[in-house]
Amino acid sequence: MKKRILVMLGAVVMVCCTLGAQANKSFLSDRPLYVQLSTGLVGEDWADFDSGQSWKFDYAGKTGIGFGGVIGLGLYKHLSGELGMQFLPKAEYTQAGTKYNISQFLSYLASRITVTVSPNMALFTRVGLGYRSFDNSQPGYGSGNVIAPVFGVGLNYFFSKVFWGGFSYTHQPGKFTGDTADRAPNYNEYSLTLMYRFRS
């Protein structure tokens, strides 16, 4: 519960900083604000995961399509702070002949380091804290969550000073013990991204 409160407070702080930056033009002049949209392939091996129950996951329990976005604010030359949200595919399973599903999303706060490697290309790495939430449609299990570090790497290509395209990989470790509602496999996502920078 305390970890959940900390994540929520961190999100509020990030949003407040972003709104404050928008209101302060001199602050934004050398600290770019950006938004990024992404979609890609999510790999969560629910099918081979020990849920502690007699659940038989279908193929969607291994892979699916996810989508989401990021709000970021440049803090120093190469360092940014980010608030991200990813909507993940449902993991569907069968128990005693009845089908159920686990809907889920991931939110995170992270720092990002970006290094330009050519006039039109940059590499980045990301590290932060993520909150992955689960909602099981089977009565008796309800909601659960995993709070764990989030790691990522990626590449950006500069189409212009404000539009960046790219590719990213994101990982969060799973949770393999504890209550059934809180157990989950590792999360991996391979995404295509499109970023718009309000200040170049």
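Criteria and cut-off values
Residues numbered from 1 in each chain as written. Predicted model: local features only at pLDDT ≥ 70, side-chain atom pairs only at ≥ 80, totals over all residues. Heavy atoms only, no water. Helix = DSSP H or I, 4+ residues; strand = E, 2+ residues; numbered from the N terminus. Buried < 20%, exposed > 50% of the residue type's maximum accessible area, 1.4 Å probe, protein only. Salt bridge = Lys/Arg side-chain N within 4 Å of Asp/Glu carboxyl O. Core = buried A, V, L, I, M, F, W, Y, C linked by side-chain atoms within 4.5 Å. Phe/Tyr/Trp six-rings, centres within 6.5 Å; stacked < 30°, edge-to-face > 60°. Lys NZ or Arg CZ within 6 Å of the ring centre and 35° of its normal. Polar contact = N/O pair within 3.5 Å; in protein donor to acceptor, adjacent residues only side chain to side chain. Pairing = 2+ DSSP bridges.

K.L.:
Give a description of the side chain of Gln36 that names residues and reports values.
P.N.:
Mapped onto the elements of the fold, Gln36 is located in strand E1 (residues 33-43). Since its relative accessible area comes to 5%, Gln36 is described here as buried.

K.L.:
Which residues make up unusual backbone geometry, and what values do they have?
P.N.:
Positive phi, close to 55 degrees, is recorded for Ala96, a residue that is not glycine. Mapped onto the elements, Ala96 comes out in the loop between strand E4 (79-95) and strand E5 (98-118). We classify Ala96 as exposed; its relative accessible area is 79%.

K.L.:
Quick rundown of the pattern of salt bridges? Include the residues and the values.
P.N.:
Within the structure shown, the criterion is met by 3 salt bridges. The salt bridge involving Glu82 is made with Arg112; its shortest N-O contact spans 3.4 Å. Residue Glu82 is found in strand E4, and its partner Arg112 is found in strand E5; the two are separated by 30 residues along the sequence. For the residue pair Glu82 and Arg112, the accessibility class agrees, reading buried in each case. The residue Arg126 makes a salt bridge to Glu82 at a minimum N-O spacing of 2.6 Å. Residue Arg126 is located in strand E6 (residues 121-136), and its partner Glu82 is located in strand E4; the two are separated by 44 residues in the primary sequence. According to the relative accessible area criterion, Arg126 is buried, its value standing at 3%. Through salt bridges with shared partners, a single network forms among Glu82, Arg112 and Arg126.

K.L.:
Give a description of the nonpolar core that names residues and reports values.
P.N.:
Core analysis: the biggest nonpolar cluster contains 13 residues, and Leu88, Leu106, Tyr108 and Tyr187 have the highest contact counts within it. For this core, the elements supplying multiple residues, two or more each, are E1, E5, strand E7 (143-158) and strand E9 (187-197). For this core, the leading source of residues is E5, giving 3 residues. Counting 11 residues, the second largest nonpolar core, distinct from the first, contains Ala91, Tyr93, Phe134 and Ala148.

K.L.:
Any chance you could break down the packing of aromatic side chains for me, citing the residues and the numbers?
P.N.:
The tally for this structure, following the rule as stated, stands at 8 aromatic pairs. Centroid distance Tyr93 to Tyr100: 5.7 Å. Interplanar angle 35 degrees. Geometry classified as tilted. Taken together, a centroid distance of 5.0 Å and an interplanar angle of 35 degrees make the contact between Tyr169 and Tyr190 tilted. A residue pair is termed long-range when its members are at least 10 positions apart, and Tyr169 in strand E8 (residues 163-172) and Tyr190 in strand E9 qualify at 21 residues. With a relative accessible area of 43%, Tyr190 lands in the partly exposed category. The structure contains a cluster of three or more aromatic residues connected by ring pairs, namely Phe163, Tyr196 and Phe198. Stacked on the ring of Phe124, the Lys or Arg Arg112 has its end atom at 3.8 Å from the ring centre.

K.L.:
Explain the environment of Ser160 to me, and be specific about the residues and the numbers.
P.N.:
Counting through the fold element by element, Ser160 comes out in the loop between E7 and E8. At a separation of 3.1 Å, a polar atom in the side chain of Ser160 contacts the main-chain amide nitrogen of Phe163.

K.L.:
Residue-level account of the pairing of strand E3 (residues 63-74), with values.
P.N.:
Bridge analysis of E1 against E3 gives 11 bridges, and the strand direction is antiparallel. If you follow Thr39 over to E3, its bridge partner there is Phe67. Pairing of E3 with E4, which is carried by 8 bridges, proceeds in the antiparallel orientation. Bridge assignment links Ile71 to a residue of E4, and that residue is Leu83. The antiparallel pairing of E3 with E4 creates a hairpin that spans 4 residues between the two strands.

Function-wise, these values are silent; they only describe arrangement.
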